[in-house]
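Structural description and commentary
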Amino acid sequence: FQKILVINLPSRTDRRDAMSLSAAVSDLQLDWINGVSGEDVMEKALPLGDHKSISPGNKGSWRAHMNALQAIVEQNLTTALILEDDVDWDIRIKSQLQTFALASRGLQTLFSNKGSHPHATPNNVELGEGDAAHRSSVPLPSVPLIASSTSSLYGSGWDVLWLGHCGTHFPSPSPSRPDRVTIPNDITVPEPQHLKPHPLATIDDLATLYPPHTRVVHRANTTTCSVAYALTQSGARKLLYEFGVREFSRGYDFMLSDWCDGLIPGFQDLQDLKSFEDPEDLGATMRDLQDTGMVGNRPMCITAQPPLLGHHFPAKASSDISGHGGAYVAVVETKYVRWSVRMNLGRLIKGEKIVDQWPDTDGGGDVEG
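Residues numbered from 1 in each chain as written. Predicted model: local features only at pLDDT ≥ 70, side-chain atom pairs only at ≥ 80, totals over all residues. Heavy atoms only, no water.

Focus on helix α1 (residues 13-26)
The end-to-end C-alpha separation of α1 is 20 Å, in line with the 20 Å expected for 14 residues at 1.5 Å each. Contacts from the buried residues of α1 go to β1 (3-8), β2 (31-34), β3 (79-84), β4 (87-89), α3 (93-112) and α9 (345-350). Looking at the residues trailing α1, positive phi occurs at Asp27, about 60 degrees. (Helix = DSSP H or I, 4+ residues; strand = E, 2+ residues; numbered from the N terminus. Expected span 1.5 Å × (residues − 1). Contact = heavy atoms within 4.5 Å.)

Focus: empty space enclosed by the protein
Applying the stated criterion across every chain yields a total of one cavity of 30 Å³ or more. Each pocket or cavity is described by its volume, and for the largest cavity that value is around 40 Å³. As for the largest cavity, its lining consists of Val189, Pro190, Glu191, Pro192, Leu195, Leu206, Ala207, Tyr210, Pro211, Pro212, His213 and Thr214. Class assignment of the residues belonging to the lining of the largest cavity gives a composition of nine nonpolar, two polar and one charged. (1 Å grid on protein atoms, 1.4 Å probe; cavity = no way out; pocket = protein on both sides within 12 Å on 5 of 7 lines; lining within 4 Å. Points joined across faces, edges and corners; volume = space filled by probe spheres on them. Nonpolar A, V, L, I, M, F, W, Y, C, P; charged D, E, K, R; others polar.)

Considering the pairing of β2
Where β1 lies against β2, four bridges are found, and the strand directions are parallel. The residue bridging Leu5 from the neighbouring strand is Asp31, located in β2. (Pairing = 2+ DSSP bridges.)

Considering the confidence of the model for the protein chain
Scored by pLDDT, the protein chain has a mean of 85; 80% of the residues are at 70 or more. Here residues 322-326 scores under 50 on pLDDT; set against residues more than four positions off or in separate chains, the count is three contacts. (pLDDT = per-residue confidence, 0-100.)

Things to note about the pattern of salt bridges
Evaluated as defined, the whole model comprises 14 salt bridges. We note a salt bridge from Lys59 to Glu43, for which the minimum N-O separation is 3.8 Å. Highlighted residues: Lys59 in helix α2 (residues 56-74) and Glu43 in the loop between β2 and α2, separated in sequence by 16 residues. In this structure, Asp179 and Arg180 form a salt bridge, with 3.7 Å as the shortest nitrogen-oxygen distance. One network of salt bridges, in which partners are shared, links Glu242, Arg246 and Glu247. (Salt bridge = Lys/Arg side-chain N within 4 Å of Asp/Glu carboxyl O.)

Structural notes on the environment of Ala220
Structurally, Ala220 is set in the loop between β8 (215-219) and β9 (228-232). Assessed through its relative accessible area of 1%, Ala220 is described here as buried. Look past the residues within four positions of Ala220 in its chain and what remains in contact with it is Trp162, Thr168, Cys260, Asp261, Arg298, Cys301, Ile302 and Thr303. (Buried < 20%, exposed > 50% of the residue type's maximum accessible area, 1.4 Å probe, protein only.)

What about the state of the cysteines?
Considering all chains together, one arrives at two disulfides under this definition. The side chain of Cys166 participates in a disulfide bridge whose partner is Cys225; the two sulfur atoms lie 1.6 Å from each other. Negative torsions about the S-S bond denote left-handed disulfides, and the value of about -110 degrees found for Cys166 with Cys225 makes this one left-handed. Note that Cys166 is positioned in the loop between β6 (160-164) and β7 (180-183) and Cys225 in the loop between β8 and β9, a separation of 59 residues in sequence. On the basis of relative accessible area, Cys225 is assigned to the partly exposed category, the value being 23%. The connectivity of the disulfides in the protein chain is 1-2, 3-4, where the numbers refer to bonded cysteines in sequence order. (Disulfide = S-S within 2.5 Å.)

Focus: the packing of aromatic side chains
Under the counting rule described, the total for this entry stands at seven aromatic pairs. Consider the rings of Phe100 and Tyr154, whose centres lie 6.2 Å apart with planes at 50 degrees: the pair is tilted. Residue Phe100 is found in helix α3, and its partner Tyr154 is found in the loop between β5 (137-139) and β6; the two are separated by 54 residues along the sequence. Judged by its relative accessible area of 1%, Phe100 falls in the buried class. Both rings, one in Tyr154 and one in Trp158, keep their centres 6.3 Å apart while their planes meet at 80 degrees; by these two values the pair is edge-to-face. Each member of the pair, Tyr154 as well as Trp158, is classed as buried. Geometry around Trp62 places Arg63 over its ring, the cationic atom sitting 5.3 Å from the centre. Just above the ring of Phe111 sits the side chain of Arg219; from NZ or CZ to the centre is 4.9 Å. (Phe/Tyr/Trp six-rings, centres within 6.5 Å; stacked < 30°, edge-to-face > 60°. Lys NZ or Arg CZ within 6 Å of the ring centre and 35° of its normal.)

Things to note about unusual backbone geometry
Comment: phi is negative for the bulk of residues other than glycine, and the bulk of peptide bonds are trans. Residue Pro306 follows Gln305 across a cis peptide bond; omega there is -10 degrees. Residue position: Pro306 is located in the loop between β10 (301-305) and β11 (309-313). Even without glycine at this site, Asp27 takes up a positive phi of about 60 degrees. Its identity as a non-glycine residue notwithstanding, His213 has a phi of 60 degrees, on the positive side. Assignment of secondary structure puts His213 in the loop between α5 (206-209) and β8. The buried category is assigned to His213, whose relative accessible area is 18%.

Here's what the structure looks like:
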């Protein structure tokens, strides 16, 4: 990416210190975007929308993300990665991103392939949930890759790479036209029992649908939390228009999720369908039709399960957006990230052994630094 932009409230010097050190030991260069307090967001500066139910924290978060998008547009950056200041990553993030780039290009190849695919399963074959997931997926080594562009190793057909989140869903199974790319035997992926976004959450579907140590790359689908996402210049312009100019009516990550799912009015060519009482049913149908090119122009938002970057829960954790929340658990950890930079920050600075926070059951917790 051309730049990595980190959103940080100036008052949260603790988070900036931790992020600066994390970037230094990972050989990453950061640029900073000042966070915004909700009390500093004037009502007359908000786009159209119902703002009554939006908390001050969410207003400040929205404006900070708009400022990050604005920086991408004004600096004419080809690509940029936006991080929130409570994000964490594996010390092997650079090699993880290289593999993800191949999978991203492979996924775009699957969607650009209008003909039959050698891994396709006929529509008339009945499959169980696990078989349907397997046959909707193509292992990375078997996917023909589109050429990387001069501007991005991730391909040229994407708008958003949602690299860090606290939950997403697989697309509807598509055995006749595979729409997922698997990265098998990925040693950076925790074992299935560790795959959940929060200590009180249930185990992710990934844990039961795919073999252990599998990462799955697919289009974003009802994704939550905007802790880490990359954008193209085109994607940044689209989002800044949609949520900085046209409408602001929900928390930013929910609006981003709707945009990626093709549920923003500009993409809704099915507005006249009144038979869908359940918004999830309507959304699923719209996504299916858009994926087959029958309707709309759904953005190309690509994500991974598990995510490559995770939300770090430090000691004295508290969100600047919503506080602890109803499911708060006082535990220091980063879900999904094995060789966590934040959990090993002191060891990395001292040159000591790194501790795997989600070790395999066959033993081993310390690894060489």
